[in-house]
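Working through the structure, step by step
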Amino acid sequence: MERLPLQPAWALLAAFLLASSATGADEAPSKNKQPAPPCTLSGTWVNDLGSRMVISAANAAGVFSGSYLTAVSSANQAIAESALQGAQHDPAQDAQPTFAFTVRWAFSDSATAFVGQCFVDQHGEETLETLWLLRQNVPSRSEDWKATRVGKNVFTRVK
Ligand code: BTN
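Overview of the structure.

Cut-off values and rules
- Residues numbered from 1 in each chain as written.
- Predicted model: local features only at pLDDT ≥ 70, side-chain atom pairs only at ≥ 80, totals over all residues.
- Heavy atoms only, no water.
- Near = heavy atom within 4 Å.
- Polar contact = N/O pair within 3.5 Å; in protein donor to acceptor, adjacent residues only side chain to side chain.
- Areas by Shrake-Rupley, 256 points an atom, 1.4 Å probe, with all protein chains shown as cover.
- 1 Å grid on protein atoms, 1.4 Å probe; cavity = no way out; pocket = protein on both sides within 12 Å on 5 of 7 lines; lining within 4 Å.
- Sits in = over half its atoms within 2 Å of the grid points.
- Nonpolar A, V, L, I, M, F, W, Y, C, P; charged D, E, K, R; others polar.
- Helix = DSSP H or I, 4+ residues; strand = E, 2+ residues; numbered from the N terminus.
- Buried < 20%, exposed > 50% of the residue type's maximum accessible area, 1.4 Å probe, protein only.
- Contact = heavy atoms within 4.5 Å.
- Pairing = 2+ DSSP bridges.
- Axes fitted to C-alpha atoms, helices over the stretch in contact; angles between N-to-C directions.
- Phe/Tyr/Trp six-rings, centres within 6.5 Å; stacked < 30°, edge-to-face > 60°.

Here we come to the site of the ligand. Around the ligand, the structure places 16 residues, and the nearest of them are Ser 51, Tyr 68, Ser 74, Ser 108 and Asn 153. Contact distances for the ligand include 2.8 Å between an oxygen atom and a side-chain N or O atom of Ser 108. The fraction of the free accessible surface of the ligand (410 Å²) that becomes covered by protein chains is 97%. One can see that the ligand is located within the second largest pocket. Partitioning the shell around the ligand into residue classes produces 7 nonpolar, 9 polar and no charged.

Below, the structure written as structure tokens:
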């Protein structure tokens, strides 16, 4: 049987280090990651009414989910945290991206759709300018005319 020539220990160590740095095998997964650009919507936001929302990290298509705790309600029920679903344009491509999300209220039979844009000022402060449509449930088509409200909310980042 043919034998491989013996390598000095330092040569083996150097070969191992070179191979592992080439593959990145010895690096923690987050070490090479760039920080998220401003207007990445993940995080906690509060609006001018005092409502609070928490948005999770978006996937590659910009789709995110989260939770919304409204400070106000037109329903005659105790307010509860409600699920939100949305999508945003990529802040790495559009520095001030547009987005949309819906909230399916857990404590009423209404739903709200928000559309907006994230703006970053000269200090790096992010603001979400939104308009919303709140759809209430009405018992008949004849009452459809009064079922939708429209409004504006401005959100700032809490963390
Ligand atoms: C309801 O009243 O049936 C559910 C709560 C609706 C809360 C609305 S959604 C638009 C506006 N912005 C908020 O943060 N809360 C209100």
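The next point concerns the environment of Thr 156. On the secondary structure map, Thr 156 appears in strand E8 (residues 148-157). Taking relative accessible area as the criterion, Thr 156 reaches 38% and is therefore assigned partly exposed. In this structure Thr 156 touches Thr 44, Trp 45, Val 46, Glu 126 and Thr 127, once residues within four positions along its chain are discounted.

Right, let's talk about the sheet that holds strand E6 (residues 111-120) for a bit. Spatially, E1-E2-E3-E4-E5-E6-E7-E8 is the arrangement adopted by the 8 strands of the closed barrel, whose pairing is antiparallel. Averaged over all neighbouring strand pairs, the angle between strand axes comes to 30°, with direction disregarded.

A few words now on the pairing of strand E3 (residues 63-69). Pairing between strand E2 (residues 52-55) and E3: 4 bridges, direction antiparallel. Directly across from Ile 55, in E3, lies its bridge partner Gly 66. Sheet topology note: the E3/strand E4 (residues 82-88) ladder contains 6 bridges and is antiparallel. The partner of Ser 65 across the bridge, within E4, is Gln 85.

What follows covers the environment of Phe 119. Examined against the element boundaries, Phe 119 turns out to sit in strand E6. For the pair Phe 119 and Glu 129, spaced 10 residues apart in sequence, the C-alpha separation works out to 7.7 Å. Sequence-distant contacts of Phe 119, that is, excluding residues within four places in its chain, are made with Cys 39, Gln 96, Glu 125, Glu 126, Thr 127 and Glu 129.

Before going further, it helps to examine the environment of Met 53. Relative to the helices and strands, Met 53 resides in strand E2. It is 9.7 Å that separates the C-alpha atoms of Met 53 and Arg 157, two residues lying 104 residues apart in sequence. Apart from the residues lying within four places of it in its own chain, the contact partners of Met 53 are Gly 43, Thr 44, Trp 45, Ser 67, Tyr 68, Leu 84, Phe 101, Leu 128 and Phe 155.

All right, on to the packing of aromatic side chains then. Geometrically, a pair of aromatic rings is defined through the distance of the ring centres and the angle of the planes. Counted under the stated rule, the structure contains 8 aromatic pairs. With a centroid separation of 6.2 Å and an interplanar angle of 10°, the aromatic rings of Phe 99 and Phe 101 are classed as stacked. Here the two residues Phe 99 and Phe 101 agree in accessibility, since each one is buried. Ring geometry for Phe 114 against Phe 155: centres 6.1 Å apart, planes inclined by 70°, an arrangement best described as edge-to-face. Residue Phe 114 is found in strand E6, and its partner Phe 155 is found in strand E8; the two are separated by 41 residues along the sequence. On the basis of relative accessible area, Phe 114 is assigned to the buried category, the value being 3%. The exposure class of Phe 155 is buried, given its relative accessible area of 0%. Grouped by ring-pair contacts, the aromatic residues Tyr 68, Phe 99, Phe 101, Trp 105, Phe 107, Phe 114 and Phe 155 constitute a single cluster.

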